[in-house]
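# Structural characterization, general
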Amino acid sequence: MTDLPAPHRRSRGERLRAKFAKAPYSARFGMVMLSLYIITALFAPVLAPYGEAEVIGKAFEPWSATHLLGTDQLGRDMAARIIYAARNSMGIAFLATVLSFVTGGLFGIVSALLGGWADQVLSRLVDALMAIPGLIFALMALSLFGPTVVNLIIIIAAIDATRVFRLTRAVALGVVSQDFVEAARLRGEGTLWIVTREILPHTLPPLITEFGLRYCFVFLTISALSFLGVGLQPPMADWGSMVRQNATLITYGNVTPLLPAAAIALLTVSVNFVVDWLLQITGGGRDGR
Amino acid sequence: MGADPLLHIKGLRIEGLSDGSWRPILRGIDLHLARGEVLGLIGESGAGKSTLGISAMGAVREGCRFADGEIRFDGQDLIALGDEGCRPLRGARIAYVAQSAAASFNPAHRLIDQTIEASIQHGLLTDGAARAEAVALYRQMQLPAPEEIGFRYPHQVSGGQLQRVMTAMAMLCRPDLIIFDEPTTALDVTTQVEVLAAIRSAVKTNGTAAIYVTHDLAVVSQMADRIMVLRHGQVVEEAQTRAMLAAPTQEYTRSLWAVRKLNRPNQPDAQALLTVVGASAAYPAGPEVLRDVSVTVPRGRTVAVVGESGSGKSTLARVITGLLPPVAGTITFDGTALSPTLAGRSHDMRRRIQMIYQSADTALNSRQRLSEIIGRPLSFYHGLSGAARDRRVAELLEQIELPPDFADRFPQELSGGQKQRVSIARALAAEPDLILCDEVTSALDQIVQEEILRLLMRLQDEKGISYLFITHDIATVRAIADRVVVMHRGAVVEQGPKAQILSPPHAPYTRLLLSSVPEMDPDWLGRLLELRSRG
Amino acid sequence: MSQSEATSRRPRSAAGLIAATVARRLGHGAFTLFVVSLVIFSLMSLMPGDFAKSILGQAATPETVAAFQREVGLDVPPVQRYVAWVGNVAHGDFGNSFVTSGAKKRAVADIIAPRLKNTMFLALITAALAVPLALGLGILTALKRNSFFDRAVNALTLTTISMPEFFMAYLLLMLFSTKLHWLPGLATVDAGDPFLEKLRRCTLPALTLTLVIVAHIMRMTRAAILNVLDDPYMEMARFKGITRARMVLRHALPNAWAPIANVVAFNLAYLIVGVVIVEVVFAYPGIGQLMVDAVSTRDIPVVQACSLIFAGVYVLLNLAADIASILSNPRLLFPR
């Protein structure tokens, strides 16, 4: 333990600004792209030249001044659908991820704190559920319950919650073993107080970066399901299903169907860049080294 | 100090990267070392002693850099040679012995393969010759079964033996210089004696020069011909060992062993506050770690529980707190029987027994401000809130000698000693009758230790609090205890008033323990070894 | 370091300890398989009430619905049905497909068998290509940490990881098939095709899968090694004057095998997910495409069988990795 004089004090805001100023270009690029995506999703109806399911021409029209990216297999405007899909795909993935974090995170912390047989049962069950590959589980569940938006969100959230549970539990176990939690127990504090005041503040930072990674993963899973035709159902626009529905064009050397796929890739790359940077600055430690 | 020193360091500056900027670690050090000479580097944590030791290999740790100065080893400029250029010297002519042997041996390889690796990689010995040499050195280091111990993996060998294997590894290429980086700090005192003896005889026999880095003045006085005191990356004082021990010229050097002079005078006996009778305890599905332990803590007095790692002294504290209910035995507190479990105790009973931990880093929640850390027991036990609570927090901060505006700081903005003070304030906030102190000073530097011990004693005088003080350090026992309990392998060896326990006649284990504590006398180790060899 | 370790003596309880640890892992694996089968089985029982109607469609009368439920076994108590189902599966009997071709019902096992063979073929080619490549790259980037090569490979793999598999698949398809005409864009293979022709048709799917899993394995291998490089014994090796290459290969790698084995197993299992997408893109007649088709026709017995096979492979691969890391741990091989 060092007994150096207390370090110079900087407010939280100052430190944050200093960190942003030093962010690498990849992270800045990621943040700019993410903002653009979010704006597109929020203002889709304003930005899109046509309606989401509006048929405005013949099938597979080429790029033109009126139809920037041409039309799809049913004669709907490609550009408009890409914009609307931002809202659908990002929104649903977001809801599913939030749901998975609320459930998985809560169970994970409580499991770590309780320990004993409750923890054993939950952990073993989650281990077993994780032994079914996520996409396979989703395919199986969707085949039974049918591919509605609500089902999709619940199923994906349930699958992802197992992963979140495992991580939160591991992080929380590290916190639970610290002396300040024991000190709170010795004082006689209740479980709720220990979870919310002592443990949660310490598990939040790693969970925030994990949220970015899980969001990417959920997003890719939903796109994959939509691509396979069991995700978002027509006429809702979705980047994954748009690729599949227009795939014929690819064999003629037309890149249009790849644009929605590129939109997915750009989003996940951006999130990953930002997360990588967040991991670096939080992993570098609040306490210097 | 001859005309041609083995190692000559001039104006050395090393910087470390912290929070994005380079801060000085060493601020212009001059050092010279003759062939066969042993130099002790001593200082508190953060003094730069380890950095200086490593620099003698032309190396810096990750995140550090040479800023200025030169390091000449046998005429070669190590900084100019660069990291790769110094590589052939390392392990061959300059060897290194690390603090934790258990962590510094590769768990995947046998000890002998690691011992001889450098000699073979540098092309100095053939495989057969290196193996024979290793066994000879194991024997010289007085390791048991020297022919076979090398075929073991690190996890199969005890810490004290590993440290001797590591010294043998350093010796194998017959280096001109060995850097010992706190080689016995992680060991128990009784083990430390064996390792010190082995290192000293090996260095003497082979005529190797050494730099011995440590924070323990008593240890360094056994090992070094000359001592250099470092502080904040600068040399405070440098002298021959005996001269420095006899007459340190600097105030700072004198303060380094002040704690050893602290000695609490005898106090009249007092009524029992806590009585533990016949307590035995075991962890779930584990062996018994506490066997039939009976201890009494008088009101307003300090009972020191002393023992080495694994003696069960911390388990005793867990039993008293109720975290580990004993399998047998009773605990009485202030005349009433205490429930064995934490849940079975009343709110007020939990308030009256508080605990302070060894590491304030993990004992204080780094996401809470001091006002919350100290204020929570005030609200929880005494129902204080708002301005009344803030006032009381300020009072408590004053009692632990911290300014009141620290209330809105986070623990990580404090130094190690300040953090431990906050732990004390948190315990005080409950207004307890008994505080369990679990190695509360062992992670701190000597000077800070003394401050904390003085604070604890002052608080005891003012408030009549009782302490159960768990420690492995005899100097600390001498400093604060009224009564002493000696523990070994889960049982009490002997107990009684401090004057009685610390003066002869002793129980055999107590004698071993007390005699193993290094003294500030260069002849102590030699005398002890002679005494022990005579039986 | 040396080969002459003849004098080594293993303490006598070593074999017992390993056996116990391996047995525990096996028990754990068996339990996992049990829960997996239970989940897959229960999903079948959870079929919504109108399921029979939606399967039978126009032909749904009360009688046909009852007959369908009898055939699927919904009139038998669940425990009995589960035991019978597990027993049948153990004999390779996955029941009959819901989808009738003509009057004849097809056994699920007969539908799956040839498809499974094709998928295994694709997975094996990919693994043979990807695993050595990924391990090599992982070790190399760890060796050259922070070099230009390291940074470039990292940025590239981060990008490939972030892309949906079908994007990669179509990109390759467009480049090598549509534009360059080097390789066939459709991977329709028949059992009768000669090996080399099969290989040629499988190249694009295998390449896609390789790109995906190489990125994952390589990144995790690099991380596992770098993690070990921070251990104190690596500093000791440096202060012994050991070369960087030897430090990584001789000192870090043996301690990183356990995490690396897990990474490889995890990603081979990940191949399964990739396989589903890639088979659909390239119209490869494997089990992945079969499952997707079965999902859209709601052919539950086929979905069930495919899920069980995928999950089983996943569990077994992870089990193998666990046991491999147990067998490489000196703490277990040579107890105190």
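Everything in this summary refers to the structure shown in the same document. Predicted model only: the values in this text are computed from it and were never measured.

## Some points on the packing of helix α16 (residues 416-429) of chain B against helix α17 (residues 446-463) of chain B
Residue and element names in this part refer to chain B. Axis separation between α16 and α17 bottoms out at 10 Å; the angle between their running directions is 20°. On the basis of the axis angle, α16 is roughly parallel to α17. The two elements α16 and α17 cross, and the hand of that crossing is right-handed. Contact residues: α16 offers Gly417, Gln420, Arg421, Ile424 and Leu428, while α17 offers Val448, Glu451, Ile452, Leu455, Leu456, Leu459 and Lys463. A class-by-class count of the residues in the contact of α16 with α17 yields 7 nonpolar, 2 polar and 3 charged.

## Considerations on the pattern of salt bridges
Two side chains that carry opposite charge are able to pair once their charged atoms sit near each other. Residues and elements named next belong to chain A. Tallied over the entire structure, the rule returns 52 salt bridges over all chains. Two residues, Asp127 and Arg124, come together in a salt bridge whose shortest N-O distance is 3.4 Å. Of this pair, Asp127 and Arg124 both sit in helix α5 (residues 116-130), 3 residues apart, which is roughly one turn of the helix. We classify Arg124 as partly exposed; its relative accessible area is 32%.

## Digging into the nonpolar core
With 152 residues, the main nonpolar core has A:Leu228, A:Trp239 and C:Ile225 as its most contacted residues. Ranked by residue count, the leading element in this core is helix α10 (residues 244-281) of chain C, at 17 residues. The residue makeup of this core includes at least three contributed by each of domain 1 (3-97) and domain 2 (108-333) of chain C. With 89 residues, the next largest nonpolar core counts B:Met166, B:Leu177, B:Phe180 and B:Leu525 among its residues.

## A short note on the interface of chain C and chain B
Of the residues lining the interface, 29 residues belong to chain C; the matching set on chain B comes to 38 residues. Interface of chain C and chain B: buried area, both sides summed, is about 3100 Å²; carbon and sulfur atoms make up 53% of it. Between B:Glu117 and C:Lys240 there is a salt bridge whose closest N-O contact spans 3.2 Å. At the junction of chain C with chain B, the criterion picks out 13 residue pairs in polar contact (both at pLDDT 80 or more). Elements that contribute at least two residues to the side of chain C that touches chain B include exactly α9 (232-239), α10 and α13 (330-333) of chain C.

## As for helix α7 (residues 165-179) of chain C
Residues and elements named next belong to chain C. Between the first and last C-alpha of α7 there are 20 Å, a value that for 15 residues agrees with the 21 Å anticipated at 1.5 Å per step. Maximum bend of α7: about 30°, positioned at Leu173. Of all 15 residues making up α7, 12 are buried, and the element is well covered by its neighbours. Buried within α7 we find Glu165, Phe166, Phe167, Met168, Ala169, Tyr170, Leu172, Leu173, Met174, Phe176, Ser177 and Thr178.

## Describing the sheet that holds strand β10 (residues 234-240) of chain B
All names here are of chain B. Spatially, the 6 strands line up as an open sheet ordered β6-β7-β8-β3-β9-β10, and their pairing is mixed. Edge positions in the sheet fall to β6 (94-97) and β10, since each has one partner strand and no second. Pairs of neighbouring strands in the sheet enclose a mean axial angle of 15°, with direction left out of account. Bridge count for strand β3 (residues 38-42) against strand β9 (residues 226-231) is 4 bridges, and the pairing is parallel. Bridge assignment links Leu39 to a residue of β9, and that residue is Arg226.

## Topic: the packing of aromatic side chains
For the coordinates displayed, the defined rule picks out 16 aromatic pairs over all chains. With 6.1 Å between their ring centres and 40° between their planes, A:Tyr215 and A:Phe219 make a pair best called tilted. With A:Tyr215 and A:Phe219 both in helix α9 (residues 191-227), this residue pair falls 4 residues apart, about one helical turn. Each member of the pair, A:Tyr215 as well as A:Phe219, carries the same accessibility label: buried. Look at A:Phe227 and C:Phe166: their rings are 4.4 Å apart centre to centre, the planes differ by 5°, and that puts the pair in the stacked class. Taken together, the positions of A:Phe227 in helix α9 and C:Phe166 in helix α7 put the pair across two chains. Members of the aromatic cluster, connected to one another through ring pairs, are A:Tyr37, A:Tyr215, A:Phe219 and A:Trp239. Stacked on the ring of C:Phe121, the Lys or Arg C:Lys198 has its end atom at 5.2 Å from the ring centre.

Criteria and cut-off values
Residues numbered from 1 in each chain as written. Chains lettered and ligands numbered in written order. Predicted model: local features only at pLDDT ≥ 70, side-chain atom pairs only at ≥ 80, totals over all residues. Heavy atoms only, no water. Axes fitted to C-alpha atoms, helices over the stretch in contact; angles between N-to-C directions. Helix = DSSP H or I, 4+ residues; strand = E, 2+ residues; numbered from the N terminus. Parallel < 35°, antiparallel > 145°, perpendicular 65-115°, else oblique. Left-handed = near helix turned anticlockwise from the far one by under 90°. Contact = heavy atoms within 4.5 Å. Nonpolar A, V, L, I, M, F, W, Y, C, P; charged D, E, K, R; others polar. Salt bridge = Lys/Arg side-chain N within 4 Å of Asp/Glu carboxyl O. Buried < 20%, exposed > 50% of the residue type's maximum accessible area, 1.4 Å probe, protein only. Core = buried A, V, L, I, M, F, W, Y, C linked by side-chain atoms within 4.5 Å. Domains from an automatic or database assignment. Buried area = accessible area lost by both parts, 1.4 Å probe. Polar contact = N/O pair within 3.5 Å; in protein donor to acceptor, adjacent residues only side chain to side chain. Expected span 1.5 Å × (residues − 1). Bend = angle between axes of the 7 residues up to and from the residue. Pairing = 2+ DSSP bridges. Phe/Tyr/Trp six-rings, centres within 6.5 Å; stacked < 30°, edge-to-face > 60°. Lys NZ or Arg CZ within 6 Å of the ring centre and 35° of its normal.

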